[in-house]
Amino acid sequence: MHRFLPLVASLAVGAASAAPCEAPEWRQFDFWLGEWTVFGPAGKVAGTNVITREYGGCVVHERYTTERGYAGESLNAWDVDRKVWHQTWVDNAGTLLLLEGRLEGSAMVLQGAGVDEGRPVKHRITWTPNADGTVRQHWETAVPDGAWKTAFDGLYRRKP
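Fair warning: this is a prediction, and the values are worked out from it, not measured in the lab. (Residues numbered from 1 in each chain as written. Predicted model: local features only at pLDDT ≥ 70, side-chain atom pairs only at ≥ 80, totals over all residues. Heavy atoms only, no water.)

(A) Geometry of a nonpolar patch on the surface. Taken together, the side chains of Val-90, Leu-96 and Leu-98 make up a nonpolar region of the molecular surface, amounting to roughly 260 Å² of accessible area. Since its relative accessible area comes to 38%, Val-90 is described here as partly exposed. (Patch = residues over 30% accessible without salt bridge, like charges linked within 9 Å, V, L, I, M, F, W, Y side chains within 5 Å. Areas by Shrake-Rupley, 256 points an atom, 1.4 Å probe, with all protein chains shown as cover. Salt bridge = Lys/Arg side-chain N within 4 Å of Asp/Glu carboxyl O. Buried < 20%, exposed > 50% of the residue type's maximum accessible area, 1.4 Å probe, protein only.)

Spelled out as structure tokens, the structure:
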């Protein structure tokens, strides 16, 4: 086991110096970075979100909380081989959500399949940067052959 440590160490140093996550694709979700207050469609505060870039710029890490005790987080990364963004969301309600997609125009659109109360469901979340610096998050769901319906429509405003 110990004879492999120099190899692992040299690979880690080589990977760090190569800056693998500096290509433009890795910066497509940068508009979401920051500390935010999230407002629901009625203009009431839905929660707070802190989005950071971590692991040498290779991961966009989201941490969401509400005053009612709900909390969750996502890890987001560009999959170089498949040319898609991937998000894994988990929360304190036991939810696991796996989404994938890409930048469409200026908006990030991620989709995935899941189960809601024992039934299959599709998810589509679109993050759109606005000219005033806010970000709209539009989460839609649908049964496999059904029309998309809004599950959440939020507006992110940067914290002062």
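This is not the end of the story, as more comes after the structure.
(B) Highlighting the sheet that holds strand β9 (residues 135–142). Taken together, the ten strands give a closed barrel; going around it, the order is β1-β2-β3-β4-β5-β6-β7-β8-β9-β10, and neighbouring strands pair in antiparallel fashion. Taken pair by pair, the neighbouring strands of this sheet meet at an average axis angle of 25 degrees, ignoring direction. (Pairing = 2+ DSSP bridges. Helix = DSSP H or I, 4+ residues; strand = E, 2+ residues; numbered from the N terminus. Axes fitted to C-alpha atoms, helices over the stretch in contact; angles between N-to-C directions.)

(C) Up close: the nonpolar core. Ranked by internal contacts, the top residues of the largest apolar core, which has 23 residues, are Phe-29, Trp-32 and Trp-127. Elements that contribute at least two residues to this core include exactly β1 (34–39), β3 (59–65), β5 (84–91), β6 (96–104), β7 (107–116) and β8 (119–129). Considering each element in turn, this core owes the most residues, three residues, to β3. (Core = buried A, V, L, I, M, F, W, Y, C linked by side-chain atoms within 4.5 Å.)

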